[in-house]
Amino acid sequence: MSGELSSAPTPDTGDDRREWVEFVRFGLGGGDYGLELGRVEQILDGPAVTPVPQTGPAIAGVANLGGEIPVVVDGRALLELPARAPDAETTLLLLDRGEGRPTGLLVDEVVGIDAHHVGRIDAPDASDWEPPVRRRWFRAVVDDDRSGRSLGVFDLDVLVAKVRSQA
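Nothing here was measured: the structure is a model prediction, and the numbers come from that model.

A. Quick look at the overall build of the protein chain. Scanning the protein chain from terminus to terminus reveals 2 helices and 11 strands. Traced from its N-terminal end to its C-terminal end, the protein chain shows the element sequence β-β-β-β-β-α-β-β-β-β-β-β-α. The 167 residues of the protein chain split such that 42% are buried. Within the protein chain, residue pairs in contact and separated by at least 24 positions form 58% of the contacts whose partners lie at least 6 positions apart.

This is the structure:
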């Protein structure tokens, strides 16, 4: 995992803390994406993933996490991005699915955790943002004034529905 993984402090602007949302920012195929911090249960470097035969192309396999065995989704395959090199480092984002089956998202790296004001978060269809992949994967877009780039925030419900159709 590259970069420091610490919660970004909410800027001291006098705003109510409830007006800020934290996102796990991660790299995938050269792009930056995000998930709401509350939807990520764990971040694991270099997980051992066991392939499962007769599953869809986005299913990388399963991981044994001490009693829990999540289905691991390869974020690159899911988004139809070029495959990573076989020896490339990866990070697993274990997703919080409540009572559902555990699911993990395999990404290239976790860049950090960023806090953004709700005024900078928009629906993908309501923004000028042009995603590098299909818009259907995203539930929000964050206008990041620090980097000047927009951050696509994944819709976990869409992701998990796709995984279940391939498993």
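Let's pick the thread back up.
B. Up close: the packing of aromatic side chains. This structure, assessed with the given rule, holds 5 aromatic pairs. Ring geometry for Phe 26 versus Phe 154: centroids 5.8 Å apart, planes at 10 degrees, classification stacked. Linking Phe 26 in strand 1 (residues 20–28) with Phe 154 in strand 11 (residues 150–154), this pair joins segments that are 128 residues apart in sequence. Of the two residues, Phe 26 and Phe 154, both sit in the buried class. Through successive ring pairs, a cluster of aromatic residues spans Phe 26, Tyr 33, Phe 138 and Phe 154.

C. Main features of the sheet that holds strand 10 (residues 138–143). Judged by pairing direction, the sheet is mixed, and its 6 strands sit side by side in the order 8-1-2-11-10-9 without closing on themselves. Edge positions in the sheet fall to strand 8 (109–117) and strand 9 (121–122), since each of these pairs with one other strand and no more.

D. Representation of the sheet that holds strand 4 (residues 59–62). Ordered by their spatial adjacency, 5 strands build an open sheet running 3-6-7-5-4, and the pairing between neighbours is mixed. The sheet terminates laterally at strand 3 (40–45) and strand 4, the two strands that pair on one side only. With strand direction ignored, the average angle separating the axes of adjacent strands in the sheet is 25 degrees. Across 5 bridges, the pairing between strand 6 (residues 91–95) and strand 7 (residues 103–107) is antiparallel.

E. Inspection of the pairing of strand 7 at higher detail. Counting buried residues along strand 7, 5 of its 5 residues qualify, which places the element largely inside the surrounding structure. Going residue by residue along strand 7, you find Thr 103, Leu 105 and Val 107 tucked away on one face and Gly 104 and Leu 106 tucked away on the opposite face as well. Summarising the sheet, strand 5 (residues 71–74) and strand 7 pair through 4 bridges and their orientation is parallel. Of the residues in strand 7, the one forming a bridge with Val 73 is Leu 105.

F. Representation of the side chain of Asp 114 in the model. Within the secondary structure, Asp 114 is located in strand 8. Assessed through its relative accessible area of 14%, Asp 114 is described here as buried. Of note is the side chain of Asp 114, whose polar atom sits 2.6 Å from the side chain of Arg 25.

G. Quick look at the nonpolar core. Core analysis: the biggest nonpolar cluster contains 26 residues, and Phe 26, Leu 35, Leu 93, Leu 105 and Phe 154 have the highest contact counts within it. Counting only elements with at least two residues in this core, the list comes to strand 1, strand 2 (31–36), strand 6, strand 7, strand 8, strand 10 and helix 2 (156–166). Leave out the neighbours within four places in its chain, and Phe 26 touches Gly 31, Asp 32, Tyr 33, Gly 34, Leu 35, Leu 93, Leu 105, Val 107, Glu 109, Val 110, Val 111 and Phe 154.

H. Inspection of unusual backbone geometry at higher detail. You will see that Gln 54, though not glycine, has its phi angle at about 60 degrees, which is positive. For Gln 54, the position within the fold is in the loop between strand 3 and strand 4. In this structure Gln 54 comes out as exposed when scored by relative accessible area, which is 82%. Phi is positive for Glu 80, which is not a glycine, with a value near 60 degrees. Inspection of the secondary structure assignment puts Glu 80 in the loop between helix 1 (75–78) and strand 6.

Rules used in this analysis
- Residues numbered from 1 in each chain as written.
- Predicted model: local features only at pLDDT ≥ 70, side-chain atom pairs only at ≥ 80, totals over all residues.
- Heavy atoms only, no water.
- Helix = DSSP H or I, 4+ residues; strand = E, 2+ residues; numbered from the N terminus.
- Buried < 20%, exposed > 50% of the residue type's maximum accessible area, 1.4 Å probe, protein only.
- Contact = heavy atoms within 4.5 Å.
- Phe/Tyr/Trp six-rings, centres within 6.5 Å; stacked < 30°, edge-to-face > 60°.
- Pairing = 2+ DSSP bridges.
- Axes fitted to C-alpha atoms, helices over the stretch in contact; angles between N-to-C directions.
- Polar contact = N/O pair within 3.5 Å; in protein donor to acceptor, adjacent residues only side chain to side chain.
- Core = buried A, V, L, I, M, F, W, Y, C linked by side-chain atoms within 4.5 Å.

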